Each structure stands twice: as C-alpha cells, then as structure tokens.
Amino acid sequence: MDDTAEIGLIGLGTMGANLALNIADTGHRIAVFNRTTARTHRFAADAGALAARIVPTDTLKAFVSSLARPRRIILMVPAGQPVDDQIAALLPLLDAGDVIVDGGNSDWRDTRRRAADMGAVQLLGLGVSGGAEGARHGPSMMAGGSAEAYAALEPILSGIAAQYQGAPCVAHLGPDGAGHYVKMVHNGIEYADMQLIAEIYGLLRDGMGQGADRIAQIFADWNDGPLSSYLIQITAHVAAATDPETGQPLLDLIVDRAGQKGTGRWTVIDAQTRAAPLPAVEAAVTARVLSGAADLRAQGASVFADGPGAVALDTDTLEAALIAAKVLAYSQGFSLLGVAGAEEDWALPLPDIARIWRAGCIIRSAMLDDMAGALQASPETPLAFAPSFAGLLRTHIPALRSVVAVAATAGLPVPALAATLAYFDSIRQARGTANMIQAQRDFFGAHGVERTDRPGASGLNLPWPPLV
Ligand code: 6PG
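What counts and how
Residues numbered from 1 in each chain as written. Predicted model: local features only at pLDDT ≥ 70, side-chain atom pairs only at ≥ 80, totals over all residues. Heavy atoms only, no water. Near = heavy atom within 4 Å. Polar contact = N/O pair within 3.5 Å; in protein donor to acceptor, adjacent residues only side chain to side chain. Areas by Shrake-Rupley, 256 points an atom, 1.4 Å probe, with all protein chains shown as cover. Helix = DSSP H or I, 4+ residues; strand = E, 2+ residues; numbered from the N terminus. Nonpolar A, V, L, I, M, F, W, Y, C, P; charged D, E, K, R; others polar. Domains from an automatic or database assignment. Core = buried A, V, L, I, M, F, W, Y, C linked by side-chain atoms within 4.5 Å. Buried < 20%, exposed > 50% of the residue type's maximum accessible area, 1.4 Å probe, protein only. Contact = heavy atoms within 4.5 Å. Buried area = accessible area lost by both parts, 1.4 Å probe. Salt bridge = Lys/Arg side-chain N within 4 Å of Asp/Glu carboxyl O.

Asks: Before we go on, may I ask you to explain the site of the ligand in this structure?
Replies: Around the ligand sit 14 residues in total, of which S129, K183, E190, Y191 and K261 are the nearest. Contact between the ligand and N105: an oxygen atom at 2.9 Å from a side-chain N or O atom of the residue. One of the backbone N or O atoms of G130 is found 2.9 Å from an oxygen atom in the ligand. Out of a free accessible area of 410 Å², the ligand has 80% covered by protein chains. Residue contributions to the shell around the ligand peak at five residues, all from helix α8 (residues 178-207). Classifying every residue of the shell around the ligand gives two nonpolar, eight polar and four charged. Taken domain by domain, the shell around the ligand gets at least three of its residues from each of domain 1 (7-176) and domain 2 (183-427).

Asks: Honestly, the nonpolar core in this entry has me stumped. Any pointers?
Replies: F219, F334, L337, W357 and L400 are the most contacted members of the largest nonpolar core, which has 92 residues in total. Considering each element in turn, this core owes the most residues, 15 residues, to helix α14 (residues 315-343). Counting only domains with at least three residues in this core, you end up with domain 1 (7-176) and domain 2 (183-427). Setting aside its immediate chain neighbours within four residues, F334 contacts L350, I353, A354, W357, L368, M371, L375 and L383. Counting 35 residues, the second-largest nonpolar core is a separate cluster that includes I23, I30, M141 and L157.

Asks: Help me understand the domain arrangement of the protein in this model?
Replies: Frequently, the measure chosen for interface size is the accessible area removed from exposure when the parts meet. Taken domain by domain, the protein consists of domain 1 (7-176) and domain 2 (183-427). Here domain 1 and domain 2 have C-alpha centroids that lie 31 Å from each other. With 27 residues of domain 1 at the contact, the number on the domain 2 side is 23 residues. The junction of domain 1 with domain 2 conceals about 1,800 Å² of combined surface from both sides, 64% of it contributed by carbon and sulfur atoms. Among the residues of domain 1 in contact with domain 2, W108, Y164 and L173 are the three that bury the most area, contributing 33% of the side total. At the junction of domain 1 with domain 2, the criterion picks out one salt bridge.

Right, here's the structure in full:
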C-alpha cells in the first residue's frame, strides 16, 4: 500500500488532535507531528480504528517526506511566535506550490505578513470555530489566502466541515488575512452573545431570586424559540449540572472572573480604528476585564452596601429583550465586516459568512439563517434595517427598554444590553447631539465646525463671545 499521506498536521493539542481524527475519519491518510514525540505516538496509539490512516512521524523531515505533493500541512500551534517558528522550520523543507494552513486564532495582520514573506510556498489562514467537539465532528471554517491554496484544500475541508442542510460550513472569504479577520469578528460577536446571556442570567439570579435549575429551564425553553442556538443550549446545560461531590449547581461553585485570550479585544480595537465600533463587544470585553477586578468589586460592595434591589420582569420580556439585543450585536458585527472588506479590498461575502456560521461554530444559531437571507437580499443594508429585522426590532425593542430601565433602577449591571439599546437609539437619531461637541471644540481649540446653513464649507470658526 502507498504509505504517503494526503495531508499533514502539526500540533496535537486538543484542537489539533481532534481535527486530525476528523480528517482521518473522512477517509484521508494524515501524517502527524508534534514537538513532543511521545504525544505523537500516544495520539496514534489512542486512535483506535482510525490509526490505520494516521502516519506518526518523529522528525519534521520525516513528516515532510511522508506527504504527497503538492504538500498540504495544517499548523495547529498556539498563535503568535510559535506559528512564525514553525513556518521558518518548515520552509527550507518545502517546494513551490506546497500549502501551509494556519488553523489557529492568529492575528490577521500576522497572516498577511506571513503570506507576503513565504515566497512560492502558499499560506492559507484558516479560522476554525467550534471548540474540541467541532474540530472532531465538524467545525465552521473561514479561509483566507490565494484561490489556488484554497482549491488545494477545499475537498478535504468540505468533507470535515459541519454541514448545514447539506452545505459545508467552510468558504474562501478572500486573500491573505481575510479568514483570520472573519474569525476574529466571529469571536467578538461570541463575546457579545455570551455577555448578553450572562446579563439576563444575572437579572434572573440577583433580581428575581431564581436558582440555577429554574434558570436552566428558562433557557431550555428559549432554545425552542427564536433564540435557538448553541450558546443558549449550553447555557441551559451548564446551569442544570450539579456537582457530584456537594450536590450544588456547578455554576454556583465557579469564581466570577472571566478569562480571555484576546480576540474580543482585538475586534474592538480594530473596529475603532475603522470607525465602525461595536458597542456590544466593547461592553463585553470591559465586563470581562471588570470581572477580574475582584478586589475593586469587593471594595465597592462594602462602600455602597445598599445592594441591588429586586426586579419584576416576566420571562417573555427577558426573551424579547435578548432577541433585540442579539440582532443589534450581530448587526454591528456584520457592519464591521462590510467596512473591513471594503478597506482591505477583500470583498468579504457577508451572506456566505452568515451561512458558514449556521452550523459548527460557537455562535451557530437559527437566526443566522435569517441573517444570511437578509444579507443576500441586500448586502449593503445594515442588518438592523433589513425589512425582516427592522420589523422584529420594532416589536422587541420595548422589551429591551423595559429590561435596561428596570435593571438600572434596581442597580444591576447590564452593560451589553444597555450598549445595544444606546446603539439602536443612536443609529436612528437623524439629528444627534454632536453639534454641542463641535461647539465646545471650536470654543476651546478653534477646531472648526460645519454650519447647517452653509453646506459644503467645513473648518469654520464661529464668533464665540469671550468667557467672562
Ligand atoms: C471558537 C472559539 C474559540 C475559543 C476562543 C475563546 O470559535 O471555537 O471562539 O476560538 O473558545 O479562544 O476565546 P477566549 O478565551 O478569549 O474566550
């Protein structure tokens, strides 16, 4: 039997190992290499029936030699320097036309830089979403790179991807960093979605005195409606779980400090530099940071000891508020993708992005199918203004207002819900209040203004009377 492998994978951490098994499971012979050789062999030994399609290799040279040409190599190593190091080690062993796929959460600018530096070897920047389970049984994948590099990988990627009604959740989204950019924005939306859910959980727990089991039931019910999604499903699931040792809800045993690897923060910074801000993601990133400031929060709780009050809200109102906030958060995300696609000359296909997010990824949801339809019908229209979603917002915004108002009155923080509401009210305010900002700027710094009665003339200094 020919023992060359069709594809190779480097980095057998959780994601890499699961992706390698997925590739073997879809009928491909795959070579694997890991920095620690023992892990490579343990992986092959544990692969059961799939071991027949796995070629463990002990050196990079042996790994490269085992691959059919043009070689296809997936890197599943931590983002940052390890990717540069691995590419540098591989390049002398490769030939023109070989393709390296970076399947980590790399910064899209790094992917662009690396793609430009690799000469005749091609780089495909591949955003992979879905966690360990997704990697094993069907992730959503966002590819950036040349058409040839994508064509070399497409048959394998389509086979391992999550399928939504028969359509594989993988697409070529543009050159160089496009795939990792879209994955970054996916993660930013993921942060917002998770924060919105956490705020509703907080109202149920702290404002309405509900226990984890009741909260689990509420989210499970919502998962049968318009909010149906992986994140709502796992929210119900984790809320229902109990600790075998103490019998308490596991959720109640977790310290309230959120971790983050940085992709949400990257999204926020990128969005601000493009003047396409994402207030929902900003609120989510800030909330994670403040969650880490446990000492500050403890101090605040003792200085202002009159804790939050009770809230009276029914679950239908909470559900409707979450629906409205979710639409607004996603609308912000897709708007950013539109702006970045134009600025970077990527022509990002927004409807395709919504489509490949319908299954496999962390933010997969029923609503993404409707979003794909709205973006297909009118890619230039902000999602929040697309007829179907504008109609939905008209009916659901009153609930978001009630929830934000009631939470504010009770003293319970709902930063992402409030940010989405303020965003909504800002983007539908034809005459805003920035004339006051401009007046102040012109008064103290002669920064110049435009006058409403002299269109086209900018930088005008107004005849302010002196301050006495
Ligand atoms: C995914 C996730 C995945 C991972 C992030 C979470 O799409 O599968 O987004 O990429 O869970 O690393 O990031 P934080 O650690 O920053 O929450």
